[in-house]
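Coordinate inspection notes
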Amino acid sequence: MIPQLGALGVAQSDSSLLYTILCPVANYFDGNSNSVSLLADPSYVRSWPGGCGDKKMGSNYGPTIRVQRIAATKGRHQVLWLYGDDHQLTEVGTMNIFVYYVSDNGEKVLVTPPLNGLILPGVIRQSILELSEAWKEFRVEERNITMDDVIKLKNSDRLLEIFGTGTACIVSPVSSIEYLGELLEIPTVEHPFPLYKKIKDHLADIQYGHIKHPWAQPIE
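Since we're looking at a predicted model, the values are computed, not measured.

1. Remarks on the overall build of the protein chain
The helix and strand inventory of the protein chain stands at four helices and nine strands. In sequence order, the secondary structure elements of the protein chain are arranged as β-α-β-β-β-β-α-β-α-β-β-β-α. A buried classification covers 41% of the 220 residues belonging to the protein chain. A separation threshold of at least 6 residues defines the contact pool for the protein chain, and within that pool the share at least 24 residues apart is 66%. Surface summary for the protein chain: the accessible area is close to 13,700 Å², and the carbon and sulfur share equals 54%.

2. Notes on the packing of aromatic side chains
Throughout the structure, instances matching the rule amount to two aromatic pairs. For the pair F98 and F163, a centre-to-centre distance of 5.5 Å together with 15° between the ring planes defines the contact as stacked. In this pair, F98 is assigned in strand β4 (residues 95-102) and F163 in strand β7 (residues 159-166), connecting sequence segments 65 residues apart. Per residue, the accessibility class of F98 equals that of F163, and both read buried. Between Y100 and F138, the ring centres sit 5.4 Å apart and the planes meet at 65°, which makes this aromatic pair edge-to-face.

3. Re the pattern of salt bridges
Following the criterion strictly, the structure yields 12 salt bridges and no others. Close ionic contact of D104 with R158 constitutes a salt bridge, the shortest N to O distance being 3.2 Å. Of this pair, D104 sits in the loop between β4 and β5 (108-112) while R158 sits in the loop between α3 (147-155) and β7, placing them 54 residues apart in sequence. By relative accessible area, R158 is classed as partly exposed at 21%. Its salt-bridge partner being D201, residue K197 comes within 2.8 Å of it at the nearest N-O pair. Of this pair, K197 and D201 both sit in helix α4 (residues 195-207), four residues apart, which is roughly one turn of the helix.

4. Observations concerning empty space enclosed by the protein
Within the structure shown, the criterion is met by one cavity of 30 Å³ or more. In this structure, the largest cavity encloses a volume near 40 Å³. For the largest cavity, the full set of lining residues is R46, N60, Y61, T64, E91, G93, T94 and L120.

5. What about the nonpolar core?
By size, the foremost hydrophobic cluster in this structure holds 25 residues, and its most contacted members are L80, L89, V99, M147, I162 and I177. Among the secondary structure elements, those contributing two or more residues to this core are β1 (36-40), β2 (78-83), β3 (88-92), β4, β5, α3, β7 and β8 (170-179). Top contributing element to this core by residue count: β4, with four residues. Ranked by size, the runner-up nonpolar core spans 19 residues in total, among them F98, L131, I170 and L195.

6. Details of the pairing of β4
Among the eight residues that make up β4, eight are buried, leaving the element largely enclosed by the rest of the structure. Two elements, β3 and β4, share two bridges in a ladder whose sense is antiparallel. Directly across from E91, in β4, lies its bridge partner N96. Counting the residues in the hairpin turn of β3 and β4 gives two residues, including G93, whose phi is positive at 60°. In terms of strand pairing, β4 meets β7 through six bridges, oriented antiparallel. In the strand pairing of β7, V99 is matched with I162. Here β4 runs beside β5; their pairing, made up of four bridges, is antiparallel.

Reading the values: rules and limits
Residues numbered from 1 in each chain as written. Predicted model: local features only at pLDDT ≥ 70, side-chain atom pairs only at ≥ 80, totals over all residues. Heavy atoms only, no water. Helix = DSSP H or I, 4+ residues; strand = E, 2+ residues; numbered from the N terminus. Buried < 20%, exposed > 50% of the residue type's maximum accessible area, 1.4 Å probe, protein only. Contact = heavy atoms within 4.5 Å. Areas by Shrake-Rupley, 256 points an atom, 1.4 Å probe, with all protein chains shown as cover. Phe/Tyr/Trp six-rings, centres within 6.5 Å; stacked < 30°, edge-to-face > 60°. Salt bridge = Lys/Arg side-chain N within 4 Å of Asp/Glu carboxyl O. 1 Å grid on protein atoms, 1.4 Å probe; cavity = no way out; pocket = protein on both sides within 12 Å on 5 of 7 lines; lining within 4 Å. Points joined across faces, edges and corners; volume = space filled by probe spheres on them. Core = buried A, V, L, I, M, F, W, Y, C linked by side-chain atoms within 4.5 Å. Pairing = 2+ DSSP bridges.

Spelled out as structure tokens, the structure:
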């Protein structure tokens with residue numbers, strides 16, 4: 001008998017399987033450092049308007065591997081992806097990015113790029129925004145921030161912290177950025193009570209059930 005041949009096409013599925021894989025993980029980044037060093041090279045672009053940079057697709061990750069290798073040869077852990085002529089900060093590797101600084105009027109501000117189609121809307125990103133708004137200890141902003149902004153804040157001693165956030169790494173402090181041939185030292189881990197650690201510890205306490213999530217809904 002000749003076996004019946006299948007067909008390749010688009011049709012309604014009769015069944016499906018959902019797999020959930022859980023496993024412990026070691027340090028997300030290579031080495032024993034508790035902070036990450038970044039390569040910010042504006043000649044490489046991860047996403048652009050009208051693209052799929054804000055979607056979980058393989059095309060967001062495959063093309064970045066070569067640039068990640070270039071960063072590694074320079075002794076950097078990850079790539080800080082920039083966009084536009086003004087070199088806007090978008091993502092850190094596969095993480096969202098936050099910058100914590102002191103404004104001109106002395107107010108502390110936590111800023112992260114907006115969801116404008118260039119970055120992934122991370123769950124940890126949203127969690128940090130919600131927690132920060134609830135704490136009311138500093139101003140929270142979603143807006144574009146450029147490398148020029150970072151340099152000006154650093155040169156005026158108003159740059160406090162930069163950190164990346166993601167599902168696997170949770171919160172990762174940034175210690176330095178190589179940009180246009182210059183190494184910018186970021187004082188993220190130099191503070192006695194850094195914001196990134198407070199956020200990371202608070203999220204872990206929620207995940208492990210040590211404290212109740214402030215927006216948790218009762219199970220009926």
